[in-house]
Amino acid sequence: MIAPPDRTPLTREFFDRPVLEITPDLLGRILVRSTPDGTIALRLTEVEAYDGPNDPGSHAYRGRTARNEVMFGPPGHVYVYFTYGMWHCMNLVCGPEGRASAVLLRAGEVVEGAEPARKRRLSARNDKELAKGPARLATALGVDRSLDGTDACAPGDTPLRMLTGAPVPSHQVRSGPRTGVAGAGGDGDRYPWRYWVADDPTVSPYRAHVPRRRRS
């Protein structure tokens, strides 16, 4: 008999660890998004690690900026960025305060409150596609830059919070190169920092970085 997911909130201490330790440990955890339209619960199935000054793929590789300020802590907060002029992506900050590292939430399974997610993701062919990819995940949950800096470990009815869920056994976890990362950070031998649940239908397909063409 499978035990139901643990609804206990994750503590700040959970996130105050090295990013490569936390990232696979986030698989199977539950992200809860509270909105005026209803509450959505998402089981994380795919995540990516970004290790600040040690990682050429990280937004914080070259230091602190107004955009990446939240990445420097405290741990357990939400870092949201806007990309390609049209999409938002959501990360969870981790590691000691003052050293920027974060985990990109790439995909998940909506396990509660699917209706509000369906209304935001009208192009999804089925519920497995609601949060299949980081931009789709943020869209399904109604996450944008207004939530940048939100404390996912705060008590009470907060917009975003993380629950213990049901951690994925290590034999079901896979790892490989990060999706769409350019340059040295995209080297899968050096940075196999994308982790996912094996054979889960909500995991997004891997795509190598393709340079964007400039308009003439």
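Residues numbered from 1 in each chain as written. Predicted model: local features only at pLDDT ≥ 70, side-chain atom pairs only at ≥ 80, totals over all residues. Heavy atoms only, no water.

Visitor: What is the right way to look at the overall build of the protein in this model?
Guide: When helices and strands are counted, the protein shows 4 helices and 9 strands. Principal axes of the C-alpha set define a box for the protein whose edges measure 45 × 40 × 35 Å. For the protein, the proportion of its 216 residues judged to be buried stands at 50%. Considering only contacts within the protein whose residues lie at least 6 apart along the sequence, 63% involve residues at least 24 apart. Summed over all atoms, the accessible surface of the protein reaches about 10900 Å², with 51% contributed by carbon and sulfur. Charge separation in the protein, taken as the distance between the mean sites of 30 positive and 25 negative side-chain charges, equals 8 Å. (Helix = DSSP H or I, 4+ residues; strand = E, 2+ residues; numbered from the N terminus. Buried < 20%, exposed > 50% of the residue type's maximum accessible area, 1.4 Å probe, protein only. Contact = heavy atoms within 4.5 Å. Areas by Shrake-Rupley, 256 points an atom, 1.4 Å probe, with all protein chains shown as cover. Lys, Arg positive; Asp, Glu negative; His and termini not counted. Charge placed at Lys NZ, Arg CZ, Asp CG, Glu CD.)

Visitor: How should the side chain of Thr179 be read in this particular structure?
Guide: With respect to the element layout, Thr179 can be found in the loop between strand S8 (173–176) and strand S9 (194–197). For Thr179, a relative accessible area of 15% corresponds to the buried category. Excluding its chain neighbours within four sequence positions, the residues that come into contact with Thr179 are Glu48, Arg106, Arg194, Pro205, Tyr206 and Arg207.

Visitor: Could you clarify how one ought to interpret the state of the cysteines in this entry?
Guide: Here, the word disulfide means a covalent bond between the sulfur atoms of two cysteines. In total, this model carries 0 disulfides according to the counting rule given. As a non-bridged cysteine, Cys89 has Cys94 as the owner of its nearest cysteine sulfur, 17 Å distant. Cys89 gets classed as buried once you look at its relative accessible area, which sits at 5%. Between Cys94, a cysteine without a disulfide, and Cys153, which holds the nearest cysteine sulfur, the sulfur-to-sulfur distance is 11 Å. The class for Cys94 is buried, based on a relative accessible area of 1%. (Disulfide = S-S within 2.5 Å.)

Visitor: So what exactly am I meant to see when it comes to the pattern of salt bridges here?
Guide: Side chains carrying opposite charge are able to pair once their charged atoms draw close together. What the rule picks out here adds up to 20 salt bridges. One salt bridge in this structure joins Arg120 and Asp37, with 3.6 Å as the shortest N-O distance. Residue Arg120 is found in helix H3 (residues 114–120), and its partner Asp37 is found in the loop between strand S2 (30–35) and strand S3 (38–50); the two are separated by 83 residues along the sequence. Where salt bridges share partners, they join Arg17, Glu21, Asp25 and Arg29 into one cluster. (Salt bridge = Lys/Arg side-chain N within 4 Å of Asp/Glu carboxyl O.)

Visitor: Would you mind going over the nonpolar core with me for this structure?
Guide: Most often, soluble globular proteins have nonpolar side chains that are buried together. Core analysis: the largest hydrophobic core is formed by 42 residues, its most contacted members being Phe15, Leu26 and Met162. Counting residues per element, this core draws most heavily on S3, which supplies 5 residues. Dropping the residues within four chain positions of it, Leu26 is found in contact with Phe14, Phe15, Leu44, Val47, Leu92, Val103 and Met162. Among the nonpolar cores identified, the runner-up in size contains 13 residues, and Ala60, Phe72, Tyr79 and Ala100 belong to it. (Core = buried A, V, L, I, M, F, W, Y, C linked by side-chain atoms within 4.5 Å.)

Visitor: Is there a simple way to explain the packing of aromatic side chains in this structure?
Guide: Aromatic ring pairs: the centre-centre distance and the angle between the two ring planes describe each pair. Applying the stated criterion across every chain yields a total of 3 aromatic pairs. A centroid spacing of 5.0 Å and a plane angle of 80° characterise the contact between Phe14 and Phe15, whose relative ring orientation is edge-to-face. Taking relative accessible area as the criterion, Phe15 reaches 1% and is therefore assigned buried. Between the aromatic rings of Tyr191 and Trp193, the centroid separation amounts to 5.0 Å while the plane-to-plane angle is 85°, which identifies the pairing as edge-to-face. Judged by its relative accessible area of 6%, Tyr191 falls in the buried class. Judged by relative accessible area, which is 10%, Trp193 ranks as buried. (Phe/Tyr/Trp six-rings, centres within 6.5 Å; stacked < 30°, edge-to-face > 60°.)

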